[in-house]
Amino acid sequence: MDFLSKAIEEFDTHPKYSVIHFHAAVELIIKARLMHEHWSLIVAKGNEPDWDKFVAGDFQSVTLDEAANRLQRIVQSGLTQTEIESFRNIAKHRNKMLHFFHVADKSDQSLKQDIARQQLKAWYYLHQLIGERWRDVFASHSNKISEIDQELRGLHDFLQVIFDNLKAKILEAEYAGFVFTECPSCKFKAQEHEPDIEVIYVADCLVCGLIETCVKIECKNCNEVVTFSDEGHTNCLGCGAYHNHEDLAEALIDQGVAFIAAKEGNYDAYIGNCADCDGYHTVVQVKETETWFCTECFIEPKQMVTCEWCNELSSVDMEGSYVRGCNQCEGMSGWHEND
Ligand SMILES: [Zn+2]
Ligand SMILES: [Zn+2]
Ligand SMILES: [Zn+2]
Ligand SMILES: [Zn+2]
């Protein structure tokens with residue numbers, strides 16, 4: 001948290017140090033989450049964990065990719081691809097700064113805009129991690145976290161020029177039917193949305209470059225359009241009605257085709273289970289495109305395979321599923337245990 005405060009403090013006067021401190025903060029927060037599980041998890045691969053060396057600081061610690069890997073496999077609370085990508089960019093930027101930064105660049109406005117974009121984006125993901133997904137672990141820092149959130153919003157000012165330059169382009173796109181909403185990261189009304197409902201699309205923020213996978217459906221309660229972003233939960237902005245992955249699935253499946261399949265006894269032909277979020281019946285085959293899409297975690301499985309034991313479709317690897325089962329059943333071995 002100190003490193004984050006430092007990064008904010010130095011942003012305008014010493015952008016180079018702001019980048020370095022921001023990067024250190026990202027790494028430390030991810031390692032802190034691993035360490036909450038067990039201290040040995042932050043010792044780099046190939047090094048024997050040794051408590052005495054650990055407390056003396058005499059050890060090599062994990063890289064970002066190793067840490068992400070362990071969070072997924074051991075802590076079972078991994079980072080999404082977009083999160084990893086945004087943190088990797090922070091690391092790349094830091095290395096560039098360390099080696100190629102010249103004092104003369106210090107007042108360069110476009111450099112500051114670049115840094116502001118990256119830090120806002122990375123903070124958007126980091127804030128979701130420590131404020132939501134890992135909230136329990138970072139609970140004792142919650143005051144500091146909201147303080148930093150407030151301060152980082154100040155970077156918004158550095159992006160005003162970019163937004164001003166985009167105004168004509170945005171207006172043009174609006175004429176063509178695109179809809180712009182406030183970006184959750186930089187707060188400019190620059191997140192570009194497809195006009196059509198019931199299609200999956202990528203919403204790109206023209207100011208900061210934040211990317212979210214979105215789908216819009218009609219509210220089940222009023223006539224407003226409801227937008228889902230990156231997850232299967234949302235509230236209608238018109239009437240407040242809560243919508244979950246089931247509402248989304250219902251809108252995305254071709255009901256006519258699914259009805260015929262069900263009549264033929266093929267009940268689950270258009271619906272399956274997700275290996276990534278462990279969702280039960282959250283993956284659906286999307287009408288027209290016939291691609292698979294998880295309405296809970298928004299990943300798009302390449303293929304769905306039938307479990308040889310329970311016959312459910314799933315995006316999990318089904319090798320040996322007759323014996324071992326899938327993520328929703330225990331296979332034949334589980335059956336015998338219950339005997
Ligand atoms: Zn943005
Ligand atoms: Zn509504
Ligand atoms: Zn999922
Ligand atoms: Zn199964």
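Computed from a prediction, not measured in an experiment: that's the story for all the values here. (Residues numbered from 1 in each chain as written. Chains lettered and ligands numbered in written order. Predicted model: local features only at pLDDT ≥ 70, side-chain atom pairs only at ≥ 80, totals over all residues.)

Asks: Can you help me understand the overall build of the protein chain in this one?
Replies: Along its length, the protein chain carries twelve helices and twelve strands. Dimensions along the principal axes, computed over C-alpha positions, put the protein chain at roughly 70 × 65 × 35 Å. For the protein chain, the proportion of its 339 residues judged to be buried stands at 32%. Taking the intrachain contacts of the protein chain between residues at least 6 apart in sequence as the baseline, contacts between residues at least 24 apart amount to 41%. (Helix = DSSP H or I, 4+ residues; strand = E, 2+ residues; numbered from the N terminus. Buried ≥ 20, exposed ≤ 12 C-beta atoms within 10 Å, placed from the backbone. Contact = placed C-beta atoms within 7 Å.)

Asks: What exactly am I supposed to notice about the pairing of strand β5 (residues 225–229) here?
Replies: Moving residue by residue along a regular strand, the side chains alternate between the two faces of the sheet. As paired elements, strand β4 (residues 211–218) and β5 share five bridges and run antiparallel to each other. Looking across to β5, one finds that Cys 214 is bridged to Ser 229. Hairpin connection between β4 and β5: a loop of six residues separates the two successive antiparallel strands. (Pairing = 2+ DSSP bridges.)

Asks: Looking at this structure, I do not really get the packing of helix α6 (residues 109–133) against helix α7 (residues 142–152). What am I missing?
Replies: Relative orientation and spacing of two packed helices are given, respectively, by the angle between their axes and the distance between those axes. Between α6 and α7, whose axes approach to 11 Å, the crossing angle comes to 160 degrees. In this view, α6 runs roughly antiparallel relative to α7, as classed from their interaxial angle. In this structure, α6 crosses over α7, and the sense of that crossing is left-handed. For the pair formed by α6 and α7, the contact residues are Gln 119, Leu 120, Trp 123, His 127, Ile 130 and Gly 131 on the first element and Ile 145, Asp 149 and Leu 152 on the second. Per-class residue counts for the contact of α6 with α7 are five nonpolar, three polar and one charged. (Axes fitted to C-alpha atoms, helices over the stretch in contact; angles between N-to-C directions. Parallel < 35°, antiparallel > 145°, perpendicular 65-115°, else oblique. Left-handed = near helix turned anticlockwise from the far one by under 90°. Nonpolar A, V, L, I, M, F, W, Y, C, P; charged D, E, K, R; others polar.)

Asks: Which parts of the structure should I look at to understand the sheet that holds strand β9 (residues 283–285)?
Replies: To summarise the sheet geometry, strands pair through backbone hydrogen bonds and adopt either a parallel or an antiparallel arrangement. Strand order in the open sheet made by the three strands is β8-β9-β10, with antiparallel pairing throughout. For this open sheet the edge positions go to β8 (271–272) and β10 (292–294), each flanked by a neighbour on one side alone.

Asks: Would you mind showing me how to read the domain arrangement of the protein chain here?
Replies: Many descriptions give the size of an interface as the accessible area lost when the pieces come together. Its domain assignment divides the protein chain into domain 1 (2–155), domain 2 (160–250) and domain 3 (253–338). Just the C-alpha atoms count here: the centres of domain 1 and domain 2 sit 28 Å apart. Taken together, the contact between domain 1 and domain 2 spans six residues of the former and eight residues of the latter. The greatest single-element share of the side of domain 1 that touches domain 2, amounting to five residues, is contributed by α6. Grouping the constituent residues of the side of domain 1 that touches domain 2 by class yields two nonpolar, two polar and two charged. (Domains from an automatic or database assignment.)

Asks: Can you help me understand the environment of Val 55 in this one?
Replies: Inspection of the secondary structure puts Val 55 in helix α3 (residues 51–55). For Val 55, a count of 10 C-beta atoms within 10 Å translates into the label exposed. A sequence separation of 43 residues divides Val 55 from Asp 12, and the C-alpha atoms of the two residues are 36 Å apart.

Asks: Help me understand helix α1 (residues 2–10) in this model?
Replies: At 3.6 residues per turn, the α-helix brings residues three or four places apart onto the same side. Turning to α1, its buried residues number three or more, namely Leu 4, Ala 7 and Ile 8. Axial view of α1: buried residues confined to an arc of 95 degrees, hence all on one face. On its buried face, α1 sits against α2 (15–37) and α7. (Arc of directions from axis to C-beta.)

Asks: What's the story with the packing of α2 against helix α4 (residues 64–75) in this structure? I'm lost.
Replies: Viewed as axis vectors pointing N to C, α2 and α4 meet at an angle of 35 degrees, and their least axial separation amounts to 10 Å. As α2 runs across α4, the sense of the crossing is left-handed. Note on element contacts: α4 touches α2 through Leu 64, Ala 67, Arg 70, Leu 71, Ile 74 and Val 75, opposite Glu 27, Ile 30, Lys 31, Arg 33, Leu 34 and Glu 37. In the contact of α2 with α4, the residues fall into seven nonpolar, no polar and five charged.

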